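Secondary and tertiary structure notes
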Amino acid sequence: MKTKFIYLTCLLLSLTFLPANAQRRKVRKQKEVVQKEDPKFEAMLDATARIVIFDSVVVDSSNYLDVIYPNQEEGRISTYYQFFKDAGDGIVYLNQMGNKCIYSKYDEDLGRKLLFQSDLLADGWTVGEPLKGIDDGSLTDFDHPYLMPDGVTLYFSACGGDGLGGYDIYRTRFDIEEGKYLRPENLGLPFNSKGDDYMFVIDEQNQLAYFASNRRQPQGKTCVYSFIPFETRTIAKGTPEKIRSLAHIEKISDTWGNGRERRAALSRKQVIEQRASANMINSNMDTFSFVINDNTTYTKLSDFRKAANRSRMKQLLRLKNDLRTLQFTLDKARDYYATASSRERNQLKGDVLETEQQRERVKAQIRQIEKTIRITENQ
């Protein structure tokens, strides 16, 4: 062990005292390799946008829409299957009036996904027409549309073109005089990466925005970033190393500044999340499945014979929603723990332990209420 330590020490000293020219040649060679490996990234680097990413959460890729909260008064998003009740794996945007939708669907003739627009008439939705102007042949697999309340600015994702790899996020505007969309522009850094980046959503009223990315994520996982939208794009400033780090979103804390904007944004988002949670509970009141016995399953509150059990079921649904929230909080804390400092980890340990204990108490309450409901309904 001592011999190995002496060897490593000598090796480090020999590297330290390399001639200055040799060290500079080595650095230049490394930079040349980076530029050669990813010239598109290097070309975008100087235009990296300065944004405040106030929150991020990693979820299963199939559930990323659950943690994006568009303002319902500005537009809604859902999957193609949920919206049309038909086979398809694209995303649908529905405008605030509920009479126009933009959606992604696979085109059999072209062998790729395109964006279509459909209007709601008295007898239902019209046959979708491809959006004009955005398909110049350089981009493929259009998806994840989101139209701003101005009815002009459209965000979407696509592959190919000047993208960095996988899906990149693009923006275009509708030219009313020409009756078509202008040529799309790549949003650049830090919104895009060599991974898949998509579902760019802005809530203008609450000054919140989101986009999803699988950069640096394991298979099947997606990170949803929450940031403060900007009216005018501001270029990030700092050393080349800092700008490169911001472009890669290596640490969202590097974007926080003094933290005031972040704290205010987190408060606004918390209100939105609580509202969404309340809506989910109300929705679950109308659509649930509760097994009473091998032959009976209740799906609505009026199925319960006893008034007390109708109240217990409402409490049960709230507790199950609390359990989902607690699990979400735990998952988020554990993700953060992996990259936290020693001081932050010490603080997190107590919070994680307390949340785990609370989760177990909620689970015990759920089991007891379920047992009570089944016993009394079967009497």
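Above this note sits the structure.
Residues numbered from 1 in each chain as written. Predicted model: local features only at pLDDT ≥ 70, side-chain atom pairs only at ≥ 80, totals over all residues. Heavy atoms only, no water.

Another point: the pattern of salt bridges. All told, the structure shown has 16 salt bridges when counted by the stated rule. For R244, the salt bridge goes to E42, with nearest N and O atoms at 2.9 Å. Remark: E42 occurs in helix α3 (residues 39-45) and R244 occurs in helix α5 (residues 240-248); sequence separation between them is 202 residues. Taking the shortest distance from any N to any O, the salt bridge between E370 and K320 comes out at 3.5 Å. Of this pair, E370 sits in helix α8 (residues 342-377) while K320 sits in helix α7 (residues 307-337); the two residues are 50 residues apart in sequence, bridging distant segments of the chain. Residues joined in a network through salt bridges with shared partners are D55, K269 and E273. (Salt bridge = Lys/Arg side-chain N within 4 Å of Asp/Glu carboxyl O. Helix = DSSP H or I, 4+ residues; strand = E, 2+ residues; numbered from the N terminus.)

In terms of burial, strand β13 (residues 197-203) is largely enclosed, as seven of its seven residues are buried. Note that β13 and strand β14 (residues 208-213) share five bridges and pair antiparallel. Each bridged residue has a counterpart across the sheet, and for D197 the counterpart in β14 is S213. Hairpin connection of β13 to β14: four residues between the antiparallel strands, including Q207 at a positive phi of 55 degrees. (Buried < 20%, exposed > 50% of the residue type's maximum accessible area, 1.4 Å probe, protein only. Pairing = 2+ DSSP bridges.)

Y64, F191, M199 and F200 are the most contacted members of the largest nonpolar core, which has 60 residues in total. Setting aside anything within four residues of it in sequence, one finds M199 in contact with Y64, L65, I68, I77, I91, H144, P145, Y146, Y210, F211 and A212. Counting 15 residues, the second-largest nonpolar core is a separate cluster that includes F290, I292, L316 and I369. (Core = buried A, V, L, I, M, F, W, Y, C linked by side-chain atoms within 4.5 Å. Contact = heavy atoms within 4.5 Å.)

Taking strand neighbours across the sheet as the criterion, the four strands line up as β1-β15-β14-β13 in an open arrangement whose pairing is antiparallel. Across the chains shown, the open sheet's two edge strands, defined by having one partner strand only, are β1 (53-60) and β13. Ignoring which end each strand starts from, the neighbouring axes of this sheet average 15 degrees apart. As judged from the five bridges shared by β14 and strand β15 (residues 221-227), these two strands associate in the antiparallel manner. In the sheet register, A212 faces β15, and the bridge partner there is V224. (Axes fitted to C-alpha atoms, helices over the stretch in contact; angles between N-to-C directions.)

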